[in-house]
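Architecture and fold: a report
Letter by letter, the chains look like this.
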Amino acid sequence: MVAINRILDKTKGDRWIWLIIILLSLISILTVYSATGTIAYNKGIAVERYLLYKHVIFVILGIGMIYISHLLDYKYYAGISKVLMLVTIPLLIYTAIFGTNINDAARWVKIPGIGLTFQTSDLAKLALITFLARMLTRKQDNIKDVKKAFIPIMGSVCVVFALIAWANLSTALMLFGVSILLLIIGRISIKQILLVCTGGGILLLFIVFLGPRSETYKSRVNSFLHPELQNSDKTYQADQSKIALATGGAFGKGPGNSTQKNFLPHPYSDFIFAIIVEEYGLLGAITMIVLYLALLYRCVRIVTQSPKAFGALLAAGLSFSLTIQAFANMAVAVGLGPVTGVPLPLVSMGGTSILFTSIAFGIILSVSKDIEENGVNKKVIVGEIPAMA
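Residues numbered from 1 in each chain as written. Predicted model: local features only at pLDDT ≥ 70, side-chain atom pairs only at ≥ 80, totals over all residues. Heavy atoms only, no water.

For the protein, the count of helices and strands is 14 helices and 3 strands. Restricting the contact set of the protein to residue pairs at least 6 apart, pairs at least 24 apart contribute 74%. (Helix = DSSP H or I, 4+ residues; strand = E, 2+ residues; numbered from the N terminus. Contact = heavy atoms within 4.5 Å.)

Let's shift gears to helix α10 (residues 214-225). Taking 1.5 Å of rise per residue, 12 residues should cover 16 Å, and α10 covers 17 Å from first to last C-alpha, within 8% of that figure. Among the residues of α10, Ser 214, Tyr 217, Ser 219 and Ser 223 are the ones counted as buried. Contacts from the buried residues of α10 go to α7 (146-165), α8 (169-185) and α9 (190-210). (Expected span 1.5 Å × (residues − 1). Buried < 20%, exposed > 50% of the residue type's maximum accessible area, 1.4 Å probe, protein only.)

Attention now goes to the packing of helix α2 (residues 15-35) against helix α14 (residues 351-374). Two numbers describe how α2 lies on α14: the axes approach to 10 Å, and their chain directions differ by 165°. It follows that α2 is roughly antiparallel to α14 by the angle criterion. When the axes of α2 and α14 are compared, the crossing they make is left-handed. On the side of α2, the interface is formed by Ile 17, Trp 18 and Ile 21, while α14 contributes Phe 361, Ile 364 and Leu 365. Among the residues making up the contact of α2 with α14, the classes are represented as 6 nonpolar, no polar and no charged. (Axes fitted to C-alpha atoms, helices over the stretch in contact; angles between N-to-C directions. Parallel < 35°, antiparallel > 145°, perpendicular 65-115°, else oblique. Left-handed = near helix turned anticlockwise from the far one by under 90°. Nonpolar A, V, L, I, M, F, W, Y, C, P; charged D, E, K, R; others polar.)

Throughout the structure, instances matching the rule amount to 3 aromatic pairs. Relative to Phe 310, the ring of Tyr 74 has its centre 6.0 Å away and its plane inclined at 20°; by these criteria the two rings are stacked. Taken as a pair, Tyr 74 in the loop between α4 (47-71) and α5 (76-98) and Phe 310 in helix α13 (residues 309-333) lie far apart in primary sequence, 236 residues in all. Ring plane angle 25° and centroid distance 6.4 Å describe the contact between Trp 166 and Phe 206, whose orientation is recorded as stacked. With Trp 166 in the loop between α7 and α8 and Phe 206 in helix α9, the pair connects residues that are 40 residues apart, well separated along the chain. (Phe/Tyr/Trp six-rings, centres within 6.5 Å; stacked < 30°, edge-to-face > 60°.)

Model confidence for the protein is summarised by a mean pLDDT of 84, while 85% of its residues fall at 70 or above. Taken element by element, the protein is modelled with least confidence in helix α1 (residues 2-9), mean pLDDT 63, and with most confidence in helix α12 (residues 272-305), mean pLDDT 95. A low-confidence stretch, residues 376-389 (pLDDT under 50), is modelled with 39 contacts involving residues beyond four sequence positions or located in other chains. (pLDDT = per-residue confidence, 0-100.)

Looking now at a nonpolar patch on the surface. There is a patch of nonpolar side chains on the surface, built from Trp 166, Leu 205, Phe 206, Phe 209 and Leu 210 and spanning about 530 Å² of accessible area. Within the element layout of this structure, Leu 205 appears in helix α9. (Patch = residues over 30% accessible without salt bridge, like charges linked within 9 Å, V, L, I, M, F, W, Y side chains within 5 Å. Areas by Shrake-Rupley, 256 points an atom, 1.4 Å probe, with all protein chains shown as cover. Salt bridge = Lys/Arg side-chain N within 4 Å of Asp/Glu carboxyl O.)

Judged by nonpolar contacts, the single largest core of 88 residues is most densely connected at Ile 17, Ile 153, Met 288, Tyr 292, Leu 314 and Leu 344. Looking at this core, the element that brings in the most residues is α12, giving 12 residues. Each residue touching Tyr 292, except ones within four places of it in the same chain, is listed here: Leu 24, Thr 323, Ala 326, Phe 327, Met 330, Leu 344, Pro 345 and Val 347. Among the nonpolar cores identified, the runner-up in size contains 7 residues, and Ala 244, Phe 271, Ile 275 and Val 332 belong to it. (Core = buried A, V, L, I, M, F, W, Y, C linked by side-chain atoms within 4.5 Å.)

Before going further, it helps to spend a moment on α9. Its 21 residues give α9 an end-to-end C-alpha distance of 30 Å, which sits within 8% of 30 Å, the value for a rise of 1.5 Å per residue. Along its buried surface, α9 packs onto α7, α8 and α10. By the N-cap criterion, in which a side-chain oxygen at the helix start approaches the backbone nitrogen of a residue two or three places on, α9 is capped by Ser 189, the distance to Lys 191 being 3.3 Å. (Polar contact = N/O pair within 3.5 Å; in protein donor to acceptor, adjacent residues only side chain to side chain.)

It is the contact of helix α6 (residues 120-138) with α7, at a shortest axis distance of 10 Å, that shows an interaxial angle of 170°. Here α6 is positioned roughly antiparallel relative to α7, judged by the angle of their axes. Each of Ser 121, Ala 124, Leu 128, Phe 131, Leu 132, Met 135 and Leu 136 in α6 lies in contact with α7, whose residues at this interface are Pro 152, Ile 153, Ser 156, Val 157, Val 160 and Ile 164.

Turning next to unusual backbone geometry. What is expected of a backbone is that most residues other than glycine have negative phi and most peptide bonds are trans. Positive phi is not limited to glycine here, since Arg 187 has a value of about 70°. Take Arg 187: it is sitting in the loop between α8 and α9. Residue Leu 346 is not a glycine yet carries a positive backbone phi of 65°. In this fold, Leu 346 is placed in the loop between α13 and α14. Taking relative accessible area as the criterion, Leu 346 reaches 6% and is therefore assigned buried.

Applying the stated rule across the entire model yields 7 salt bridges. The salt bridge partner of Lys 75 is Asp 370, with a shortest N-O separation of 3.6 Å. Residue Lys 75 is located in the loop between α4 and α5, and its partner Asp 370 is located in helix α14; the two are separated by 295 residues in the primary sequence. Asp 370 matches Lys 75 in its accessibility class, with the two residues each being buried. Close ionic contact of Lys 369 with Glu 373 constitutes a salt bridge, the shortest N to O distance being 3.9 Å. Here Lys 369 and its partner Glu 373 are both found in helix α14, 4 residues apart, which amounts to about one turn of the helix.

Here we come to the environment of Ser 170. Within the secondary structure, Ser 170 is located in helix α8. A C-alpha to C-alpha distance of 9.3 Å links Ser 170 and Val 339, two positions 169 residues apart in sequence. In contact with Ser 170, other than residues within four places in its own chain, are Thr 340, Gly 341 and Val 342. At 3.3 Å, the side chain of Ser 170 and the side chain of Asn 168 are in polar contact.

Quick look at the structure:
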């Protein structure tokens, strides 16, 4: 704890969020170390080497990204969001047409020269949330006007939702849900929001029944709703996850003693929560839930204390995105939802996810830093537009 306190003394922003980041990073390294043992063995290399090159470096880079992005005044992210949106939409289109197919989904773009793959939906989440925060802030004077506010704002939401949902429906649905929450906070008319939800529902049906992954989506939903009617291969991942949960007990089998990591297809990413529960038991599960709830609570405090609408909306959108994603991942692992490819934020193995999750944490801490530096403890002024937004 002394070492952690020394690290925290050199940072700015909410100290509790920094502590949560450090704890999640440590849990991530320990669990991924265990979960990658089998895959490293199959590749014929030492797990330490596999972990070092594939995960620890990204965790360190992620913490570095948090530190750098939290030093930047959050108001500058308003301008950055415009650039991100201009880059994101063409990238999503390119991914849908020419994306690298991994696990039967074209969600990745291969970076030339280095051979690494880049998941464009991670960039899209960050871009859309920051862009929505900016637009909702700037349009407050005309927030009920359909042409001046509603169409420009919803146009960006619908375009990004459709492009992501084509190959990654679960991520698109979570991002759409976060967008709706931001619209409510940003005082968009309830009638207009209902109209958006109706349009989103129609678009969802089209993608589920006519999209390129329609069979996969329908199969996963059917397997979740009627597991007894499915072949064992259709429910294999969910079954192995449940076994891990059931054998974990109150205190688990101990670090590195998971057996289901040998059977789960993605124990280091999509189903890492199941490995945590198997090795650390109910205590480990409660710890993870408390950490993400504590993160949400601290972020809500930042939202309520921010004197600028842009900062409040930015912190709200990013914190909702992180916590909804976390609980979606854990819900799938315990059988409360159909299987998806959603990682556990800052815990699952995956370079793109870790880096963009880290930037999101950094932006939240930037808002918190601004509050501390100005000694502000006021409620949100929704109509006040920051200079850089």
